[in-house]
Amino acid sequence: MGPWCPENISDDASAGGIWLENGQVYDVDGAFIENMATFYNDSTWLMYDGNGDIYTTETEDDCANAANPNVGAEYENFCVECLPSYVADLTQTYLIPITPVKQTTPISFGGVGGPPGQSTGPSQRGLAFNGVVFDAPAPTDAILGAYTLAPFDDAGGHVNLNAGYHYHAATGVSTQITQDDDHAAMIGYAIDGHGLYAQLDVNGNEPTDLDDCRGHTDETRGYHYHVDAPGNNNFIDCIYGAYVN
Ligand SMILES: [Zn+2]
Ligand SMILES: [Zn+2]
């Protein structure tokens, strides 16, 4: 896990994580932090001091405060970095059908990213093979609106105190199971038990017959999903299978 926030605007990409904007994945290197006022066309962004040192949350309290949606001005222009050690005692249990049951109508996701007024389904999208959850889209508008940046590491994950370490993008870092045909690699399971596969096949193509949930069926795998591009802060758009409530 990590890194997330670079320390100085002279740092290269190995010192920081990534940020997702307009469908693109950007390295959060020192230059990205230095350029934020231009990138967002807003001169309020100034996340470093006269030495180029980047303002970064340093403690668990900082992490909790900066992640508060009502974050005060004192955390404006902070790179928010919550460390795995802050949630060392957290345990998460997920119940996923061993035998997925496809239904006739899809279920909308609840929570952040779900359509307004239809927050009946689960909010979590699925699990990687390492047990890390593929979570709802990160609330990047709220994060940026508070003039904070909460980067993801190169695997697309970061930590919050309630959820622990979780993914917002599938960047190909977590375990992938290569398929014998040219089909995209399997990256985990959706919360309804159907397989989750990478966006692109070995030739770099996305399937053209995906349904509204980003799923389709083939003879080898049955019904399964292909996750969204990492820059879209998204995995799949709904589930077609029954889930454990
Ligand atoms: Zn998050
Ligand atoms: Zn497929």
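Everything below is about the structure printed above this text.
Source: prediction; values computed, not measured.

Enquirer: How should I be thinking about the sheet that holds strand β8 (residues 157-160) in this particular structure?
Expert: Hydrogen bonds along the backbone pair up the strands of a sheet, which may run parallel or antiparallel. Here we have eight strands laid out as an open sheet, ordered β8-β9-β6-β5-β10-β11-β13-β12, and mixed in their pairing. A single partner strand is all that each edge strand has here, and the edge strands are β8 and β12 (215-218).

Enquirer: Any chance you could explain unusual backbone geometry here in plain terms?
Expert: Residues apart from glycine generally show negative phi values, whereas peptide bonds are mostly found in trans. The amide bond that connects G2 to the next residue, P3, takes the cis arrangement and shows omega of -5°. Locating P3 in the fold gives a position in the segment before β1 (18-21). You will see that R214, though not glycine, has its phi angle at about 80°, which is positive. One non-glycine residue, N233, lies in the positive phi region at around 55°. As for its placement among the helices and strands, N233 is situated in the loop between β13 (222-226) and β14 (239-241).

Enquirer: So what exactly am I meant to see when it comes to the nonpolar core here?
Expert: As a rule of thumb, nonpolar side chains are buried together in soluble globular proteins. Ranked by size, the top nonpolar core spans 51 residues in total, and within it I33, C79, V80 and V227 carry the most contacts. When sequence neighbours within four positions are dropped, the list of residues in contact with I33 reads P6, I9, V28, M47, Y48, I54 and C79.

Rules and cut-offs
Residues numbered from 1 in each chain as written. Chains lettered and ligands numbered in written order. Predicted model: local features only at pLDDT ≥ 70, side-chain atom pairs only at ≥ 80, totals over all residues. Pairing = 2+ DSSP bridges. Helix = DSSP H or I, 4+ residues; strand = E, 2+ residues; numbered from the N terminus. Core = buried A, V, L, I, M, F, W, Y, C linked by C-beta atoms within 7 Å. Buried ≥ 20, exposed ≤ 12 C-beta atoms within 10 Å, placed from the backbone. Contact = placed C-beta atoms within 7 Å.

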